[in-house]
Amino acid sequence: MTGREREAVIVHACLRDGRGGSPTAVVPDGSYSDDERRSVPAAWGTSHAVFVCVRDGQVSLRFFTARGELPACGHGTVAALAVLADRCGLSEYRTTLHAGGRPFTGRAVPRPSGFDASFDPGPVTLRRATAAERDMILPLFPARAGPASVASVGRPRMLIPVATRADLAALTPDLDRLREACDRLGLLGCYLYTVPAADGRAAARMFAPSIGVPEDIANANSTACLAAHLSHQGLTTLTVDMGDSLLSPASITATTETGPEGARVQVGGLATLTTR
C-alpha cells in the first residue's frame, strides 16, 4: 500500500440507526494519476473513493470507482462533508462544494453517533423510459410493479418500482446482461424501489455493474432522483433503506421543495469516521 493510500479516511456513510452504511475512502487530493485514483477503492476495500481538494477556500471533489471517474457520488459527498466537518470542529459546518463542473451547497452537523450531512444534488431531470430502454432492461427485473422512469443528476439511471420489500429482496438480476444493456443505453444503472409507506419510508436496491459496482450499499443521488419523481405525487419527505442484501444497513433521507424551476432536493444521511 502506498503512502497516498494511507492518507485515506474511511467513512461509513448513510448509516441506519448507527449501524452499517457504505464504507467510502476519503483522500486529500494531489498530483495523482487517474490510475492511482482508481486503485484506492480496491486498496481500502471500498466501492468508491472521493478525493478532496481545498485550495484558496474552495472545496473540490472527485469521485472514483475501480472503473474510473464519476461526475457525482451522493454517499461520497456525505463522506467528504463528514471529514471536512470533523476537521473544522464547528457546531455546524457549511460550504460550497465543486464537483462535476458545478458548485453546490453542503452542510454537516455533529451528532453523538457521527455527522448528519446533507447536500443539494442539483436539478433532477425526469422522463418516461423509452421502448428500447424498457425492452432491454425490464426483462431482467420481472418483479416490477409499475412504469419505469429515467432520472439524472449528471448521469441517467432507471427507476423501477416493485411491490414489496420481499420482492425487492428476492431480486437476482443477471449482472453481465445488465452491464451490457446499461452500456448500450448509456445508463449508470438501475434503482429498484418499493412504493413508499404513508410516512415516506421505502426500500431500494441499486445495481450498477457498468461502473464496477454490482450493487451499491447506499446511493444518495438515485434517492434524490426518486424524491424528485415522487414529489409530483405530493411526497415531500422520503427515507429509503438500502444495503440489507449486502448485510450493511443504510438509510438516506431526502426532502423536496417545488418552485418555479421545478423540484429541488436536499439529500443526505448520518456518517461516521472509522479510520484517521
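Report on the accompanying structure.

Cut-offs and rules
Residues numbered from 1 in each chain as written. Predicted model: local features only at pLDDT ≥ 70, side-chain atom pairs only at ≥ 80, totals over all residues. Heavy atoms only, no water. Buried < 20%, exposed > 50% of the residue type's maximum accessible area, 1.4 Å probe, protein only. Helix = DSSP H or I, 4+ residues; strand = E, 2+ residues; numbered from the N terminus. Pairing = 2+ DSSP bridges. Arc of directions from axis to C-beta. 1 Å grid on protein atoms, 1.4 Å probe; cavity = no way out; pocket = protein on both sides within 12 Å on 5 of 7 lines; lining within 4 Å. Points joined across faces, edges and corners; volume = space filled by probe spheres on them.

### Looking at the pairing of strand S1 (residues 9–15)
- Counting buried residues in S1 gives 6 out of 7 residues, a clear majority hidden from the surface.
- Direction of pairing for S1 relative to strand S2 (residues 22–28): antiparallel, over a ladder of 5 bridges. Paired with Val9 across the two strands is Val26, which belongs to S2.

### Details of helix H2 (residues 34–44)
- Every buried residue belonging to H2 is among Arg37, Val40 and Pro41, and all of these are buried. The arc that holds the buried residues of H2, viewed along the axis, is 90°, so those residues lie on one side. Facing away from the buried side of H2 by over 90 degrees, the exposed positions are Asp35 and Ala42.
- Note on H2: the residue one or two positions beyond its end, Gly45, has a positive phi of about 70°.

### Here's the deal with empty space enclosed by the protein
- Within the structure shown, the criterion is met by 2 cavities of 30 Å³ or more.
- The calculated volume of the largest cavity comes to roughly 180 Å³.
- Looking at the largest cavity, it is lined by 19 residues, and the ones nearest its centre are Leu70, Ala72, Cys73, Leu188 and Asn219.
- Put simply, the parts of the chain that give the lining of the largest cavity at least two residues each are helix H3 (74–88), strand S13 (201–208) and helix H7 (220–231).
- Estimates place the volume of the second largest cavity at around 40 Å³.
- Along the walls of the second largest cavity sit Val9, Val26, Val27, Pro28, Val52, Ala80, Val83, Leu84 and Arg87, which together make up its complete lining.
- Where the lining of the second largest cavity is concerned, the elements lending two or more residues are S2 and H3.
- Among the elements that make up the lining of the second largest cavity, the one with the highest residue count is H3 (4 residues).

Read these as geometric descriptors, not functional statements.
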